[in-house]
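# Residue-level structure breakdown
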Amino acid sequence: MAGDEGAEIYEEREESMDAAVDKETEIKTEGKEDENVLQFLDSLDGYLTLMDSVNSKLREGWFDLASARHSMGTLRINSTLLDLKYHPAASTFQVTDQEVGSLGSVPRFALSKWVSKGGGSPKGKDFSTDTDSEIGSPLSQQLRHRGVSEKPSAKDENTLAADEEIKKERAKSLSVFGGLVSPKLRGAQLSFETALETLVEIANMRASMLSAFERITEK
Amino acid sequence: MAGRAPIPARNSALIAMIADEDTIVGFLMAGVGNVDIRRKTNYLIVDSKTTVRQIEDAFKEFSARDDIAIILLSQYIANMIRFLVDSYNKPVPAILEIPSKDHPYDPAHDSVLSRVKYLFSAESVSQR
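Quick caveat, the model's predicted, so the values are computed rather than measured. (Residues numbered from 1 in each chain as written. Chains lettered and ligands numbered in written order. Predicted model: local features only at pLDDT ≥ 70, side-chain atom pairs only at ≥ 80, totals over all residues. Heavy atoms only, no water.)

### A few points about the packing of aromatic side chains
Evaluation of the coordinates by the stated rule reveals 3 aromatic pairs over all chains. Taken together, a centroid distance of 6.2 Å and an interplanar angle of 40 degrees make the contact between A:F40 and A:F213 tilted. With A:F40 in helix α1 (residues 2-72) and A:F213 in helix α3 (residues 183-218), the pair connects residues that are 173 residues apart, well separated along the chain. Where A:F192 meets B:F27, the ring centres are 5.2 Å apart and the plane angle is 75 degrees; that geometry is what we call edge-to-face. Residue A:F192 is located in helix α3, and its partner B:F27 is located in helix α1 (residues 21-29); the two belong to separate chains. Owing to a relative accessible area of 1%, A:F192 belongs among the buried residues under this scheme. (Phe/Tyr/Trp six-rings, centres within 6.5 Å; stacked < 30°, edge-to-face > 60°. Helix = DSSP H or I, 4+ residues; strand = E, 2+ residues; numbered from the N terminus. Buried < 20%, exposed > 50% of the residue type's maximum accessible area, 1.4 Å probe, protein only.)

### Quick notes on the environment of A:G46
Along the polypeptide, A:G46 turns up in helix α1. Measuring from C-alpha to C-alpha, the distance between A:G46 and A:G101 comes to 18 Å, with 55 residues separating the pair along the chain.

### Looking at the environment of B:T50
All names here are of chain B. Here T50 lies in the loop between β2 (43-45) and α2 (52-64). What T50 contacts, discounting residues up to four positions off in sequence, is I45 and I55. Separated by 2.9 Å, the side chain of T50 and the backbone nitrogen of D47 make a polar contact. (Contact = heavy atoms within 4.5 Å. Polar contact = N/O pair within 3.5 Å; in protein donor to acceptor, adjacent residues only side chain to side chain.)

### Some details on the packing of α3(A) against α1(B)
Closest axis-to-axis distance for the α3(A)/α1(B) pair is 8 Å, and the angle between their directions is 90 degrees. Between α3(A) and α1(B), the angle is such that the two are roughly perpendicular. Contact residues: A:L185, A:A188, A:Q189, A:F192, A:A195, A:L196 and A:L199 in α3(A); B:D22, B:T23, B:G26, B:F27 and B:M29 in α1(B). Along the lines of polarity and charge, the residues of the contact of α3(A) with α1(B) split into 8 nonpolar, 3 polar and 1 charged. (Axes fitted to C-alpha atoms, helices over the stretch in contact; angles between N-to-C directions. Parallel < 35°, antiparallel > 145°, perpendicular 65-115°, else oblique. Nonpolar A, V, L, I, M, F, W, Y, C, P; charged D, E, K, R; others polar.)

### Section: the pattern of salt bridges
Taken as a whole, this structure holds 13 salt bridges over all chains when the rule is applied. Of the charged contacts, one joins A:K113 and A:E193 as a salt bridge, the two residues approaching to 3.0 Å between their closest N and O atoms. Here A:K113, found in strand β2 (residues 104-113), pairs with A:E193, found in helix α3; they are 80 residues apart in sequence, far enough to count as distant. Take A:K113 and A:E193: they sit in the same class, and that class is buried. For B:R53, the salt bridge goes to B:D57, with nearest N and O atoms at 3.5 Å. Separated by 4 residues within a single helix, B:R53 and B:D57 lie in helix α2, roughly one turn from each other. The partly exposed category is assigned to B:D57, whose relative accessible area is 37%. The network of salt bridges with common partners includes A:K113, A:R170, A:E193 and A:E197. (Salt bridge = Lys/Arg side-chain N within 4 Å of Asp/Glu carboxyl O.)

### Some words on the interface of chain A and chain B
Contacts between the two partners involve 59 residues from chain A and, on the opposite side, 57 residues from chain B. In this assembly, chain A packs against chain B so that about 4,900 Å² is buried in total across both faces, 68% of it on carbon and sulfur atoms. When the buried area of chain A at its contact with chain B is split by residue, A:W62, A:F93 and A:R206 rank highest and sum to 14% of it. Residue A:R69 is joined to B:D22 by a salt bridge in which the shortest nitrogen-to-oxygen separation is 2.9 Å. The interface formed by chain A and chain B holds 14 residue pairs in polar contact (both at pLDDT 80 or more) in total. At 20 residues, α3(A) tops the list of elements feeding residues into the side of chain A that touches chain B. For the side of chain A that touches chain B, the class distribution of residues is 36 nonpolar, 13 polar and 10 charged. Note: strand β1 (residues 92-100) of chain A against strand β1 (residues 10-19) of chain B, 2 bridges, orientation antiparallel. If you follow A:F93 over to β1(B), its bridge partner there is B:A13. (Buried area = accessible area lost by both parts, 1.4 Å probe. Pairing = 2+ DSSP bridges.)

### What to know about the confidence of the model for chain B
The predicted model of chain B has a mean per-residue pLDDT of 87, with 86% of residues at 70 or higher. Confidence metrics for the complex model read pTM 0.80 and ipTM 0.89. (pLDDT = per-residue confidence, 0-100.)

### Topic: the nonpolar core
A:F93, A:F109 and B:F27 are the most contacted members of the largest nonpolar core, which has 46 residues in total. A per-element tally of this core places α3(A) first, with 12 residues. Filtering out sequence-adjacent residues up to four positions away, A:F109 remains in contact with A:Q94, A:V95, A:V200, A:A203, A:N204, B:A69, B:I70, B:P91, B:V92 and B:A94. With 19 residues, the next largest nonpolar core counts B:A16, B:A58, B:A78 and B:I95 among its residues. (Core = buried A, V, L, I, M, F, W, Y, C linked by side-chain atoms within 4.5 Å.)

As structure tokens, then:
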């Protein structure tokens, strides 16, 4: 009798432990689903915000291009002048498979701008979605100080050299329109470069959104 | 993700563009233009004389190439080949729809947003 009671108590305890484990698993699953939904909504919001940003940058670019066409003439800025001889792209992309938390593997896009292919190692700048890697010479942003000036370090010299290469590549890109071009055309070039950087961010946001969407609809 | 083949890493990949003249010229100034040894370009300029067939062929060719990471389409051009764009479901190359000078961006027609909008529809809510 005592043995039967003991067995019953043991069985009841086992059942309650199983129920507790099941509940814990259910809570964890719901937590993961909520995480996926939040990730999806964040990506969707980011996607729409970036699309708005690229829209305004493109408008600036089109406006500057139209202004340049107005000052230089229609015949000097049109698609018939485009270089159809063999040449590689100066700005290229890298695609890698990245593990992102609960989303699993997601493609990640990165941009390398103005990578010189003319012999030697590429001297362009890598652009990722980090705000630190914006184009621009760091030296030009330093304050001038009177007195003893510091010798440029090797890193600064490399940065200067890279900036010079980028200037050359930019000028080469505009050279199809002639030796002297309107400042508006240079402005258009910068606008489209910025739009390109934003498009890379959009591609990453799109990948993240689709990945979260697939996770949500898997259930 | 379970069951999905890993995405092969691509270095020095290109962006392909199917858009109007000004958009193409602008992005070419940004340094993304590529012409290979066979004089094939990574862009198609669409004007009044370009046929839908040419756009479809260009899209199919770009989406099949291994050296392309992103395909950029003006949204009004994507609308001409909407069936083809919406039925494309590979992660790479990524298809991005952008506005053009004369046709503003419409989120309702974006293929990515169309795919996910069913999450917000009344039917999907009632099924849960």
